[in-house]
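# Notes for the structure review
One-letter residues, chain by chain:
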Amino acid sequence: MNRALKFPLIGLACVLSGVLALLFHLAAGATVVQEYFDHEAPEELDFSFSYCRANSQVNESKIVWHEDVAVIDVTLSPNCGTSWLFGNYKVLESGTLVLGYKSIVPSIIGCDCGYPATYRIAGLEKKDYEIELREYAFINKPPWLLRSWIEMGSDVVEIEEF
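Definitions and cut-offs
Residues numbered from 1 in each chain as written. Predicted model: local features only at pLDDT ≥ 70, side-chain atom pairs only at ≥ 80, totals over all residues. Heavy atoms only, no water. Phe/Tyr/Trp six-rings, centres within 6.5 Å; stacked < 30°, edge-to-face > 60°. Helix = DSSP H or I, 4+ residues; strand = E, 2+ residues; numbered from the N terminus. Buried < 20%, exposed > 50% of the residue type's maximum accessible area, 1.4 Å probe, protein only. Pairing = 2+ DSSP bridges. Axes fitted to C-alpha atoms, helices over the stretch in contact; angles between N-to-C directions. Polar contact = N/O pair within 3.5 Å; in protein donor to acceptor, adjacent residues only side chain to side chain. Contact = heavy atoms within 4.5 Å. 1 Å grid on protein atoms, 1.4 Å probe; cavity = no way out; pocket = protein on both sides within 12 Å on 5 of 7 lines; lining within 4 Å. Points joined across faces, edges and corners; volume = space filled by probe spheres on them. Nonpolar A, V, L, I, M, F, W, Y, C, P; charged D, E, K, R; others polar. Salt bridge = Lys/Arg side-chain N within 4 Å of Asp/Glu carboxyl O. Core = buried A, V, L, I, M, F, W, Y, C linked by side-chain atoms within 4.5 Å. Arc of directions from axis to C-beta.

### Observations concerning the packing of aromatic side chains
For the structure on display, the rule yields 4 aromatic pairs. Aromatic pair Phe49 and Trp84: ring centres 5.4 Å apart, planes at 90°, arrangement edge-to-face. With a gap of 35 residues between them, Phe49 in strand S1 (residues 45-49) and Trp84 in strand S4 (residues 84-91) connect regions that are remote in the sequence. Looking at Trp84, the relative accessible area reads 30%, which means it is partly exposed. Of the aromatic side chains, those joined through ring pairs into one cluster are Phe47, Phe49, Tyr51, Trp84 and Tyr119.

Structure, rendered in C-alpha cells:
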C-alpha cells in the first residue's frame, strides 16, 4: 500500500471509531448491555418492541392465541428519549394480566410517543384476561459526559417489583 495513503486511512479509522464510541456512550449503550444481562424476565416471555412512532395510537390490547402461545400487541408510552425497553408480566388473582416494562432513558428529552411492542407468552392459561400496562421501572442514567455538562444525578427508579 502506498505509504502516503496509509496514515490518512489509519487517522480516518481512529476518528470513525471515536465517533462510534461517543454515539454508543450517548445512547447509554453500556447501561443497556448491563441491564440486558441483569434483567430477570420469565423464560416463557418473548418481548420485542420497535422504536418511537409519533403517529402510534394507543390501541385496545387483546390476546391472540397461536396454539399455546399468547400474543399481545400493545403500544407503550414511556418517555420518547427512551433508548431501550425490557418487558415482564404477571397474572393477578383477579384475572388481570399485567404487562410491565422497564425503560432506559439516557437523555433529558421529554415527550410522549408510542412504542409498538409485542408480548409472546408461552404456557399461559387460556382465558379472558383484563390487560393492564404498567411501567414498573425506569432507568434515567445520563452518560457521564452529559452529567459533566449539566448538574444531574444518576437515577434508577423501581416503581414496582415484578
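### Observations regarding the sheet that holds strand S2 (residues 63-66)
Taken together, the 4 strands give an open sheet; going across it, the order is S1-S6-S3-S2, and neighbouring strands pair in antiparallel fashion. Two strands close off the open sheet at either side, each with one partner strand: S1 and S2. Averaged over all adjacent pairs, the angle separating strand axes in this sheet is 20°, with direction ignored. As judged from the 5 bridges shared by S1 and strand S6 (residues 115-122), these two strands associate in the antiparallel manner. The residue bridging Phe47 from the neighbouring strand is Tyr119, located in S6.

### Observations concerning the side chain of Ser103
By the element assignment, Ser103 lies in strand S5 (residues 96-104). Exposure remark for Ser103: the relative accessible area of 1% places this residue in the buried category. Looking at Ser103, its side chain comes within polar contact range of the side chain of Glu135, at 2.6 Å. In this structure Ser103 touches Pro78, Thr82, Trp84, Leu85, Glu135, Ala137, Phe138 and Ile139, once residues within four positions along its chain are discounted.

### Section: the layout of surface pockets
Its boundaries defined by the atoms lining it, the largest pocket holds a volume of some 180 Å³. Residue lining of the largest pocket: Tyr36, His39, Ala41, Pro42, Leu45, Phe47, Trp84, Leu85, Phe86 and Gly87, and that is the complete set. Mapped by element, the contributors of at least two residues to the lining of the largest pocket are S1 and S4. Looking at side-chain class alone, the lining of the largest pocket contains 8 nonpolar, 2 polar and no charged residues.

### Some remarks on the pairing of S2
Two strands pair when backbone bridges link them, and S2 and strand S3 (residues 69-76) are joined in this way by 4 bridges, in the antiparallel orientation. Residue pairing across strands places Trp65 opposite Ala70, the latter belonging to S3. Here S2 hands over to S3 after 2 residues, with Glu67 in that stretch at a positive phi of 55°.

### Let's talk about the pattern of salt bridges
Per the counting criterion, the structure on display carries 2 salt bridges. With its nearest N and O atoms 3.8 Å apart, the salt bridge here joins Arg120 to Asp46. Of this pair, Arg120 sits in strand S6 while Asp46 is found in strand S1, placing the two residues 74 residues apart along the sequence. Residue classification places Arg120 among the partly exposed residues on the basis of a relative accessible area of 32%. Look at Asp46 and you get partly exposed, because its relative accessible area is 41%.

### Things to note about the nonpolar core
Formed by 21 residues in total, the largest nonpolar core has its most connected members in Phe47, Ile72, Leu76, Leu97, Leu99, Tyr119 and Ile121. Those elements that place two or more of their residues in this core are S1, S3, S4, S5 and S6. Of all hydrophobic cores here, the second largest spans 5 residues; its members include Ala28, Val32, Phe86 and Ile139.

### A few points about helix H2 (residues 29-38)
When we look at burial in H2, the residues that qualify are Gly29, Thr31, Val32 and Glu35. Across the axial projection of H2, the buried residues extend over an arc of 160°, all falling on one side. Counted as exposed and oriented over 90 degrees from the buried face of H2: Ala30 and Phe37. On its buried side, H2 packs onto helix H1 (3-26), S4, S5 and strand S7 (130-140).

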